[in-house]
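One-letter residues, chain by chain:
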Amino acid sequence: MPSTSILLAGCGKLGGALLDGWLASPNPPRMVVLDRHRNCDNENVTIIRSADSVPDDFAPDIIVLAVKPAVADDVITSLTQTLGQRLENAAFLSVMAGRTCASLSAAAQKAGQKCPTLRAMPNTPSTIGAGVSGLYAAPDCTETQTRLCHDLLSAVGDVVEVSEEKDLLGVTALAGSGPAYVFLLAELLEKAGQAHGLSAETARRLARGTIYGAGRMLNELPDDAETLRKAVTSPNGTTAAALSELMQEEAWPRAVDKAISAAVRRAEELAG
Ligand SMILES: NC(=O)c1ccc[n+]([C@@H]2O[C@H](COP(=O)([O-])OP(=O)(O)OC[C@H]3O[C@@H](n4cnc5c(N)ncnc54)[C@H](O)[C@@H]3O)[C@@H](O)[C@H]2O)c1
């Protein structure tokens, strides 16, 4: 983690996950957190409720925008007006789905300050240091700003840099939203286990343990997912019976394709 000053605007589900991950990292940055509700009792964190309460001696290197897109312009305007020249070397790092770098930089420019923007799409496993983020830097960002943002995201998981902003649509659909698909699978496995006579507690342990173990194998072994799947699948056995349902073209292949396409479409709509 670099020695750097971060202003985190919005500390809800995603902003909170990032904050928790950064606080658990070896050298937490100095942070001012702007949020209407969040409290935090940590020596590295100053909580403020409105932009005009940013401490006078605080000049952020990076302003992380983790509010909902609808309030982003107000937040950028009030921060830009309060910080003025203190934003001279700063960049925005937006983690919002949809909002483009150009639209966010334009909001700052309208409030009187030029400020380059990077966009990242992290996910909530960042809260335990197991996130994966896509990162895009607009052409006017400096190498230092890009490295700072890369380091910040690396402190809470893996980082994949993309060279075109439109690639964040796929990143959002796959990884930003992705944990929800896995949690849904856990819910469905638990329900199916109970339907076949397992207690709620047993079904829960089996579903969670299976997803955890499979996730670790994907992460820690060199084999690709197909090889790992085939190793579980005995000829004419139970797995083959289950997969003959799931792998029907109109089952998981189509459902996953439709789900990712719907998420990409929604990210496009949010971008306006
Ligand atoms: N939740 C996720 O898994 C996830 C993943 C990737 C990206 N995102 C993106 O992160 C952003 C936030 O999503 P979330 O799920 O954390 O939402 P959230 O509602 O949990 O958090 C938003 C936070 O913003 C605060 N807030 C609202 N108005 C404010 C203001 N004017 N000034 C300061 N703070 C204000 C709220 O108090 C809240 O804590 C969204 O744009 C979303 O696209 C979310």
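Residues numbered from 1 in each chain as written. Predicted model: local features only at pLDDT ≥ 70, side-chain atom pairs only at ≥ 80, totals over all residues. Heavy atoms only, no water.

Naming follows an unreviewed UniProt entry, where the protein chain appears as Pyrroline-5-carboxylate reductase of Neokomagataea anthophila. Its UniProt record, at the heading Function (unreviewed entry), says of the protein chain: "Catalyzes the reduction of 1-pyrroline-5-carboxylate (PCA) to L-proline." The UniProt entry for the protein chain carries the following text under Pathway (unreviewed entry): "Amino-acid biosynthesis; L-proline biosynthesis; L-proline from L-glutamate 5-semialdehyde: step 1/1." (UniProt positions renumbered as here; feature names shortened; annotations may be inferred.)

Undergrad: Would you explain the sheet that holds strand β4 (residues 62-65) in this entry?
TA: Sheets are built from strands paired through backbone hydrogen bonds, the pairs being either parallel or antiparallel. Read across the sheet, eight strands follow the order β3-β2-β1-β4-β5-β6-β7-β8 without closing on themselves; strand pairing throughout is mixed. Edge positions in the sheet fall to β3 (45-48) and β8 (157-161), since each has one partner strand and no second. The mean angle between the axes of side-by-side strands here comes to 25°, regardless of whether they run parallel or antiparallel. For strand β2 (residues 30-34) and β3, the ladder comprises four bridges, and the chain directions are parallel. (Pairing = 2+ DSSP bridges. Helix = DSSP H or I, 4+ residues; strand = E, 2+ residues; numbered from the N terminus. Axes fitted to C-alpha atoms, helices over the stretch in contact; angles between N-to-C directions.)

Undergrad: For this particular structure, what's the right way to read the site of the ligand?
TA: Taken together, 21 residues lie around the ligand, and Lys13, Leu14, Asp35, Val67 and Ala97 are the ones closest in. A distance of 3.3 Å is found between an oxygen atom of the ligand and a backbone nitrogen or oxygen belonging to glycine 12. Take alanine 97: an N or O atom from its main chain is 2.9 Å from an oxygen atom of the ligand. Protein contacts shield 81% of the accessible area of the ligand, which totals 830 Å² for the unbound molecule. Among the elements of the structure, α1 (13-24) and α2 (69-83) are those that each provide at least two residues to the shell around the ligand. It is α2 that contributes the most residues to the shell around the ligand, three residues altogether. (Near = heavy atom within 4 Å. Polar contact = N/O pair within 3.5 Å; in protein donor to acceptor, adjacent residues only side chain to side chain. Areas by Shrake-Rupley, 256 points an atom, 1.4 Å probe, with all protein chains shown as cover.)

Undergrad: Got a minute to help me understand the UniProt feature "domain: Pyrroline-5-carboxylate reductase catalytic N-terminal" (unreviewed entry) in the protein chain in this structure?
TA: Sequence positions flagged by UniProt for "domain: Pyrroline-5-carboxylate reductase catalytic N-terminal" (unreviewed entry) are, in local numbering, residues 10-87. In residues 10-87, the share of helix is 35% and the share of strand is 17%. The end C-alpha atoms are 18 Å apart.

Undergrad: Teacher, can you tell me more about the confidence of the model for the protein chain here?
TA: For residues with low pLDDT, the predicted coordinates do not support detailed interpretation. Mean pLDDT for the protein chain: 95, with 99% of residues reaching 70 or above. For this predicted complex, the interface confidence comes out at an ipTM of 0.97, alongside a pTM of 0.92. (pLDDT = per-residue confidence, 0-100.)

Undergrad: How should I be thinking about a nonpolar patch on the surface in this particular structure?
TA: A cluster of nonpolar side chains, Tyr181, Val182 and Phe183, forms an exposed patch at the surface whose accessible area comes to about 270 Å². Relative to the helices and strands, tyrosine 181 resides in helix α6 (residues 178-195). Residue tyrosine 181 is classed as partly exposed on the basis of its relative accessible area of 33%. (Patch = residues over 30% accessible without salt bridge, like charges linked within 9 Å, V, L, I, M, F, W, Y side chains within 5 Å. Salt bridge = Lys/Arg side-chain N within 4 Å of Asp/Glu carboxyl O. Buried < 20%, exposed > 50% of the residue type's maximum accessible area, 1.4 Å probe, protein only.)

Undergrad: Looking at this structure, how should I read helix α5 (residues 167-176)?
TA: Along an α-helix, residues three or four apart share an orientation, since each turn contains 3.6 residues. Of all the residues in α5, the buried ones are Leu168, Val171, Thr172, Ala173 and Ala175. Those residues of α5 hidden inside the fold are in contact with β6 (117-121), β7 (131-137), α6 and α10 (252-271). (Contact = heavy atoms within 4.5 Å.)

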